[in-house]
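Here is what each chain is made of, one letter per residue.
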Amino acid sequence: MRILVVEDEKKLAAYIKKGLEENHFAVDVSHDGEEGLFLLNANEYDLVILDILLPKKSGLEILQQARKNDKDMPILLLTARDAVEDKARGLDSGADDYLVKPFSFIELMARVRALIRRGKVHYQTRLSVADILLDVATHRLYRNGQPVDLTNREFALLEFFMRNLNTVITRTQIAEHVWDYNFDSLTNVIDVFVNRLRNKIDKDRTHKLIHTIKGVGYIMKDKKS
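None of the values given here were measured: they were computed from a predicted structure.

Thresholds applied
Residues numbered from 1 in each chain as written. Predicted model: local features only at pLDDT ≥ 70, side-chain atom pairs only at ≥ 80, totals over all residues. Heavy atoms only, no water. Buried < 20%, exposed > 50% of the residue type's maximum accessible area, 1.4 Å probe, protein only. Helix = DSSP H or I, 4+ residues; strand = E, 2+ residues; numbered from the N terminus. Right-handed = clockwise from strand over helix to strand, strands pointing away. Pairing = 2+ DSSP bridges. Contact = heavy atoms within 4.5 Å.

So, the pairing of strand β1 (residues 2-6)
And then number 1: Of all five residues that make up β1, five are buried, and the element is covered over most of its length.
And then number 2: Here β1 shows two buried faces, one formed by R2, L4 and V6 and the other by I3 and V5.
And then number 3: Note that the unit made of β1, helix α1 (residues 10-22) and strand β2 (residues 26-30) has a crossover that is right-handed.
And then number 4: Of the strand pairs in this sheet, β1 and strand β3 (residues 47-51) are connected by four bridges, and their pairing is parallel. The residue of β3 that forms the bridge with I3 is L47.

Put into structure tokens, the structure is as follows:
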């Protein structure tokens, strides 16, 4: 899943990005309002974390423009302001939640997960295909009841496959949802990670789950075909 962070405090933005990536999210970061609005309009995000006080264009301007353009992803506002009227203004402008600085990353993650669940009616935290169980909340994978170790990127890739079961996924779609804005989709990195994932979940398996669609991308199938 992909998140946009628009925050002009570079240390805080890097801290948020690192924490979200450790929780298997792909993260794009912008440090000013104009670039943030450009990224928001140019890409598909599952959630936006948006500071209010930004150079070039304020967070509230971005929020209002996003809603005007029918962008309906959850938006979480960050700000040092804690006055009731500021919170009300942000929420009235279309924000889904509001977090005052300073904050703990544990609280931020709890709000992120809640907003994603709220934004996706069918969002599940436990996914299963064949004898594989992926627990998104605890970041664990089990195959036939036995734990399997995955890197953060492998976990995010498997989650994307499982959420799009029996659907052909292009390399571009994988790049957009599992990697960030700076990823070069022309490299073979995606194929390398898919092969690593196959070695962990399809090795010694009669029924292979992940299949290559030549010239297009990949598909995860839950049944033999």
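Details of the environment of L50
And then number 1: Within the secondary structure, L50 sits in strand β3.
And then number 2: With a relative accessible area of 0%, L50 lands in the buried category.
And then number 3: Between the C-alpha atom of L50 and that of A110, which follows or precedes it by 60 residues, the distance is 16 Å.
And then number 4: In this view, L50 contacts V6, G59, I62, L63, I75, L76, L77 and L78; residues no more than four positions away in its chain are not counted.

Describing the pairing of strand β4 (residues 75-79)
And then number 1: Of all the five residues making up β4, five are buried; the element is thus mostly covered by neighbouring parts of the structure.
And then number 2: Of the two faces of β4, the one carrying I75, L77 and T79 and the one carrying L76 and L78 are both buried.
And then number 3: In terms of strand pairing, β3 meets β4 through four bridges, oriented parallel. Within β4, the residue paired with D51 across the bridge is L78.
And then number 4: Tracing the backbone out of β3, into helix α3 (residues 59-68) and back to the parallel element β4 gives a crossover that is right-handed.

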